[in-house]
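A structural walkthrough
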Amino acid sequence: MFLCLIQNLDAEFLYLVQLGVDTVPVLVGPVSYLLLSKPAKGVEKTFSLLSLLPKILPIYKEVISELKAAGASWIQFDEPTLVLDLDSHQLQAFTAAYADLESALSGLNVLIETYFADLTTEAYKTLVGLKGVTAYGLDLVRGTQTIDLVKAGFPEGKYLFAGVVDGRNIWANDLASSLSTLQQLEAIVGKDKLVVSTSCSLLHTAVDLVNETKLDDEIKSWLAFAAQKVVEVNALAKALAGQKDEAFFAANAAAQASRKSSPRVTNEAVQKAAAALKGSDHRRATNVSARLDAQQKKLNLPVLPTTTIGSFPQTLELRRVRREFKANKISEDNYIKAIKEEIKKVVDLQEELDIDVLVHGEPELTILQRNDMVEYFGEQLSGFAFTVNGWVQSYGSRCVKPPIIYGDVSRPKPMTVFWSSTAQSMTQRPMKGMLTGPVTILNWSFVRNDQPRFETCYQIALAIKDEVEDLEKAGINVIQIDEAALREGLPLRKSEHAFYLKWAVHSFRITNCGVQDTTQIHTHMCYSNFNDIIHSIIDMDADVITIENSRSDEKLLSVFREGVKYGAGIGPGVYDIHSPRIPSTEEIADRINKMLAVLETNILWVNPDCGLKTRKYAEVKPALNNMVAAAKLLRTQLASAK
């Protein structure tokens, strides 16, 4: 795979050369390539990935030689792992790797790029001491203290690529502030050795603000997508060279002032409510064991209760209805009627399958699995703006369209109560209310950069809290607050983990601290490694957590084997919904038995790994049927054993 990627790079560079485009080929650096890799299945955990360095360096030498022959004058190596907490052995690997590559790099200008966080003092010393390197790229947006390292010493004759334009967010640069920073750096590294740059690649931002014809002019003036960020870099470079575009800088200053003073950004009542949260520890008054007892008396669920995560298949007919409603081709009354009919089908199917706790299937949400979890709620909250074409790459060929949080967040009116109560009226079984949690809404949005992220998260938490309490008043006794992106927001540096987890967990608890003991709070977390944050997950104090298990070789269960005590309900997914394969009853029963070996019978739930939106009913029906059959089989066996 690695060699294939290298060959693609060669071909792309040669193509650009033929077009007369002067460009810099970019490679993942050899040490980061290994540190970001995972050992193959069956390989011992103690295996050192860096032991493979001598085997991959010849491949790097080969591609360097080919790029030189093709006419490259610069080459960039991305070494983002330099901002992590590295030990001396790992830092030494950088020194060894570039010493080995030094002769191959002779005749080239070599840029080492780091981003997303500050460098430690030792990592900075390692970076600026690398052999054969001409330039260093530093993120001066997220790496807020890295500039102090540069001021303390920078190697003479080397280039500094100063990342002062944010490559990970969509806010217009404060040009006056950035120019001041650049002038300070110029005095240190020299006028001819300072290069104005973005903080990282621009693939994390939307492409061009010109394509956004529906954003109002005021909000639009506060933004800069990738195309605009290139203009900002150019304007700063020219200003540094004495060719300042006064009109451009004046327009930028006016937009910055507008954003600071706009009444649509600031809501004093919201800020006061959020500020009041900081010194408190919001928890439900009763411990989880007592709550589960109260909930069981009300819900009367069997051992090994069955449920699903939320969404059901999105049929062509359902997509057509939503599309026509958005295009104003059908009335709101007809749209609501169609969605109600879809909910009824989903409810009837779950009753037919004999699932214990039902969902309404989320037919009102769009097909985009990650987007809809945030966009649906953001559209109904104040302080959010939405793009039409603001797509960014998520992974592979998957793209998402993050909302923009530009101001203080509040909830003008209920968001999900109508659909959840409608669904509950169709059945005597418990119906889950479905919400996205504050941390996930935050982490899957472009977040305002004029206040700390935790303050914005607290504001969202208060809005979700209002919704949770309205659902409870409407008779919804089971409420799921998804926090799929909790771990995704974890800072790169371990020293910052505790603070993030403290306010992230606190935000979740805020959403449900006011409900009665008999209201059961669920949360769901998607594909990730949760072993190292399991104690924070426990501290969320949810009544039931459903979590990915089947695709990670059941690594989640290992933490319980190693002695972690968990007293709340837990549903490690019993089958993988990302595959069309239909697991048998016996296979699912075997998975549940493995769970029962490490988890108490009275806390275990039976559910799929994630939502069923991307699957077809021809797959969903038999899979869920087998899941319920497996739960019933084990209930019988457990009863016999007693």
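Residues numbered from 1 in each chain as written. Predicted model: local features only at pLDDT ≥ 70, side-chain atom pairs only at ≥ 80, totals over all residues. Heavy atoms only, no water.

A few points about the sheet that holds strand β11 (residues 432–436)
The strand order across the open sheet built from five strands is β11-β13-β14-β15-β16, with neighbouring strands paired in parallel fashion. Looking at strand neighbours, the two that pair on one side only are β11 and β16 (569–572), the edges of this open sheet. Ignoring strand direction, the axes of neighbouring strands in this sheet form an average angle of 20°. Two strands pair when backbone bridges link them, and strand β14 (residues 520–525) and strand β15 (residues 544–547) are joined in this way by four bridges, in the parallel orientation. Across the sheet, residue His-522 finds its bridge partner in β15, namely Val-544. (Pairing = 2+ DSSP bridges. Helix = DSSP H or I, 4+ residues; strand = E, 2+ residues; numbered from the N terminus. Axes fitted to C-alpha atoms, helices over the stretch in contact; angles between N-to-C directions.)

Considering the pairing of strand β6 (residues 194–198)
For β6, the buried fraction is high: four of the five residues fall into the buried class. As judged from the five bridges shared by strand β5 (residues 159–165) and β6, these two strands associate in the parallel manner. Counterpart to Phe-161 in the pairing with β6 is Val-195. (Buried < 20%, exposed > 50% of the residue type's maximum accessible area, 1.4 Å probe, protein only.)

Thoughts on the pattern of salt bridges
One pass over the full model with this rule turns up 28 salt bridges. For the salt bridge of Glu-218 with Arg-264, the shortest nitrogen-to-oxygen distance reads 3.0 Å. Of the two residues, Glu-218 is situated in helix α8 (residues 217–221) and Arg-264 in the loop between α10 (246–261) and α11 (268–275); the sequence distance between them amounts to 46 residues. Notably, a salt bridge pairs Asp-354 with Arg-429, separated by 2.9 Å at the nearest N-O pair. On the criterion of sequence distance, the pair formed by Asp-354 in the loop between α14 (332–353) and α15 (369–378) and Arg-429 in the loop between α16 (417–424) and β11 is long-range, its members being 75 residues apart. Since its relative accessible area comes to 24%, Arg-429 is described here as partly exposed. (Salt bridge = Lys/Arg side-chain N within 4 Å of Asp/Glu carboxyl O.)

A word on the sheet that holds strand β12 (residues 446–447)
The sheet built from three strands is open, its strands ordered β7-β10-β12 with mixed pairing. Edge positions in the sheet fall to β7 (382–385) and β12, since each has one partner strand and no second. Bridge analysis of β7 against strand β10 (residues 404–410) gives three bridges, and the strand direction is antiparallel. Bridge assignment links Phe-384 to a residue of β10, and that residue is Ile-405. Of the strands in this sheet, β10 and β12 touch helix α18 (residues 453–473), which is tilted by about 50° from β10. (Contact = heavy atoms within 4.5 Å.)

Re the packing of α14 against helix α23 (residues 617–641)
For the pair α14 and α23, the least separation of the axes is 10 Å and the interaxial angle reads 35°. In the packing of α14 onto α23, the handedness of the crossing is right-handed. Each of Glu-342, Val-346, Leu-349 and Leu-353 in α14 lies in contact with α23, whose residues at this interface are Tyr-617, Lys-621, Leu-624, Asn-625 and Val-628. Classifying every residue of the contact of α14 with α23 gives six nonpolar, one polar and two charged. (Left-handed = near helix turned anticlockwise from the far one by under 90°. Nonpolar A, V, L, I, M, F, W, Y, C, P; charged D, E, K, R; others polar.)

Here's the deal with the packing of helix α7 (residues 175–189) against α10
Look at α7 against α10: their axes get within 9 Å of each other, and the N-to-C directions meet at 120°. Classified by the angle between their axes, α7 and α10 sit oblique to one another. For the pair α7 and α10, the contacting residues are Leu-175, Ala-176 and Leu-179 in the first and Phe-248, Phe-249 and Asn-252 in the second. (Parallel < 35°, antiparallel > 145°, perpendicular 65-115°, else oblique.)

Digging into the confidence of the model for the chain
Close reading of the predicted structure is inappropriate where its pLDDT is low. For the chain, the average pLDDT comes to 91, and 95% of its residues sit at 70 or higher. Across residues 1–5, confidence stays below pLDDT 50; counting only partners more than four residues off in sequence or on other chains, it has four contacts. (pLDDT = per-residue confidence, 0-100.)

A word on the environment of Lys-68
Of note, Lys-68 is situated in helix α3 (residues 53–69). By relative accessible area, Lys-68 is classed as partly exposed at 32%. Between the C-alpha atom of Lys-68 and that of Ala-104, which follows or precedes it by 36 residues, the distance is 9.5 Å. The residues touching Lys-68, leaving out its near neighbours within four places in the chain, are Ala-104, Ser-106 and Leu-108.

Structural notes on the side chain of Asn-607
In this fold, Asn-607 is placed in the loop between α22 (585–596) and α23. At 3.1 Å, the side chain of Asn-607 forms a polar contact with the backbone oxygen of Gly-571. If sequence neighbours within four positions are ignored, Asn-607 has contacts with Thr-307, Ile-309, Thr-546, Gly-571, Pro-572, Gly-573, Val-574, Tyr-575 and Met-627. (Polar contact = N/O pair within 3.5 Å; in protein donor to acceptor, adjacent residues only side chain to side chain.)

With respect to the environment of Pro-313
Mapped onto the secondary structure, Pro-313 falls in the loop between α12 (288–299) and α13 (316–326). Considering only alpha carbons, one finds Pro-313 and Leu-612, 299 residues apart in sequence, at a separation of 5.7 Å.

Regarding the nonpolar core
Counting 104 residues, the largest nonpolar core has Leu-486, Tyr-575, Ile-592 and Leu-624 as its most contacted members. In this structure, Ile-592 is in contact with Leu-304, Val-574, Leu-604, Val-606, Ala-630, Ala-631 and Leu-634, ignoring residues within four places of it in sequence. In terms of nonpolar packing, the next biggest core, distinct from the first, is built from 62 residues, Leu-50, Ala-93, Tyr-98 and Val-133 among them. (Core = buried A, V, L, I, M, F, W, Y, C linked by side-chain atoms within 4.5 Å.)

A look at the pairing of strand β3 (residues 109–113)
Of all five residues making up β3, four are buried, and the element is well covered by its neighbours. Across five bridges, strand β2 (residues 74–78) lies against β3 in parallel orientation. Following the sheet pairing, Trp-74 is matched in β3 by Asn-109. On the question of chirality, the crossover connecting β2 to the parallel β3 by way of helix α4 (residues 88–105) is right-handed. As defined by bridge partners, β3 adjoins strand β4 (residues 135–139) across three bridges and the pair is classed as parallel. What sits directly across from Leu-111, in β4, is Ala-135. Regarding the hand of the β-α-β motif, the stretch spanning β3, helix α5 (residues 121–128) and β4 is right-handed. (Right-handed = clockwise from strand over helix to strand, strands pointing away.)

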